[in-house]
Amino acid sequence: MQGDDPTSSPSSVMNVVRQSGPALLQRVQQGLSKFQLVYAPHPSWPLPSTQAGSQNAVRKPLRISILDSSFNPPTLAHLALANSRRSETLATGESIVGEESLTYDAKLLLLSVKNADKTLKPGDATYQQRLEMMGLLTQDVQPDGNPNITTTLAHDPFTTAPERANVAIAVIDEPTFVGKANAFLDFLKSRLHSLTPSVHINVPQDVESTFIVGLDTLERLFAPRYYASEAAMLASLRKFFSPGPEGDNARVVCAHRVLETSTSSEPQALSLAQEFIDAGRIATIELSDDVKTYSSTAVRNARSGPGMEHDALWRKRVTRDVAQYITEHGLYQESV
């Protein structure tokens, strides 16, 4: 059962994730499904909450930001990415201008259980634990949608942080972004059809999916070694970035990050992205100087180190709720 409880508090979000997460994870890991929605803040997600008049407030294209990560654990860098606004570069040439051009209508925290470069290691958080920490992170995700809707929900005492931000949690089993986009769009076609009998939305023509990634992930997106050939890669990515209905109508926002070690193994990857940067399909954003240095690896390494100095080091890189969860569950204390 998917989590569509509109009265979600931190404890009820956790209850939904704990109740529905194991079975949905199992479906994905057994190959029975590519994509499963684990938690949604209200029954009409990704449309606006019915409390905000969703039938009259649906904007086309419906803009959904997708933060796809392993969340091992979720850090303040993840939170900064989830709270980032739509890049002005993506708005170039659009009919909508001004403040509204910089907003998303819905947000998704997406846990990937298959990564082209990463496997589950001893000492890592389980996928279920990561989903639970993602649930805690939703409490700090900020609203970023239609100003009229946001204002309406902000003054409703019965709405919660995830509902105001219109943020959901899902799990996916696809190693590439092209595969992720296809699985997500298939899910949306089914869900929106059941939600909107009177609001006609063509997927992907009327839906804009924006994947928010780090520079290392962008490099992998344009690495020919993940495709049959460079020609096959470009063909797949042109469909990924092209407008609907022929293409997936996807965009990518890349955050500059300062990593402890260089992860770039594809020096030509970014040059291959230039075609899509010029077309306004890829944009970059800046994180604050401190947050851009944060990574899940750094948290795990500091957590496994001895002494109060290491303890303070990892705690400042995650939210208070996530830090408490890590401590209570004894996570990342083995060697990494």
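Residues numbered from 1 in each chain as written. Predicted model: local features only at pLDDT ≥ 70, side-chain atom pairs only at ≥ 80, totals over all residues. Heavy atoms only, no water.

The chain appears in an unreviewed UniProt entry as Nicotinamide-nucleotide adenylyltransferase from Gymnopilus dilepis.

J.: When you look at the overall build of the chain in this model, what are you seeing that I'm missing?
T.: Counting secondary structure elements, the chain contains 14 helices and seven strands. Looking at the chain as a whole, 55% of its 336 residues qualify as buried. Considering only contacts in the chain between residues 6 or more positions apart, those separated by 24 or more positions represent 78%. Surface accessibility of the chain: about 14,700 Å² in total, with carbon and sulfur atoms responsible for 51%. (Helix = DSSP H or I, 4+ residues; strand = E, 2+ residues; numbered from the N terminus. Buried < 20%, exposed > 50% of the residue type's maximum accessible area, 1.4 Å probe, protein only. Contact = heavy atoms within 4.5 Å. Areas by Shrake-Rupley, 256 points an atom, 1.4 Å probe, with all protein chains shown as cover.)

J.: Would you mind showing me how to read the pattern of salt bridges here?
T.: It is possible for side chains bearing opposite charge to pair when their charged atoms get close. The tally for this structure, following the rule as stated, stands at eleven salt bridges. One salt-bridge network, in which partners are shared between bridges, spans Arg86, Glu208 and Arg251. (Salt bridge = Lys/Arg side-chain N within 4 Å of Asp/Glu carboxyl O.)

J.: Looking at this structure, how should I read the side chain of serine 112?
T.: Here serine 112 shows up in strand 3 (residues 106-112). There is a polar contact of 2.5 Å between the side chain of serine 112 and the side chain of aspartate 68. Setting aside residues no more than four positions away along its own chain, serine 112 makes contact with Asp68, Ser69, Tyr127, Ile172 and Lys180. (Polar contact = N/O pair within 3.5 Å; in protein donor to acceptor, adjacent residues only side chain to side chain.)

J.: Just checking my understanding: could you explain the nonpolar core for this structure?
T.: Within soluble globular proteins, side chains that are nonpolar generally end up buried alongside one another. In terms of nonpolar packing, the biggest core is built from 45 residues, with Phe222, Leu237 and Phe240 touching the most fellow members. The leading source of residues in this core is helix 7 (residues 177-195), at nine residues. Core analysis: the next-biggest nonpolar cluster, separate from the first, contains 36 residues, Val16, Phe71, Val113 and Ile212 among them. (Core = buried A, V, L, I, M, F, W, Y, C linked by side-chain atoms within 4.5 Å.)

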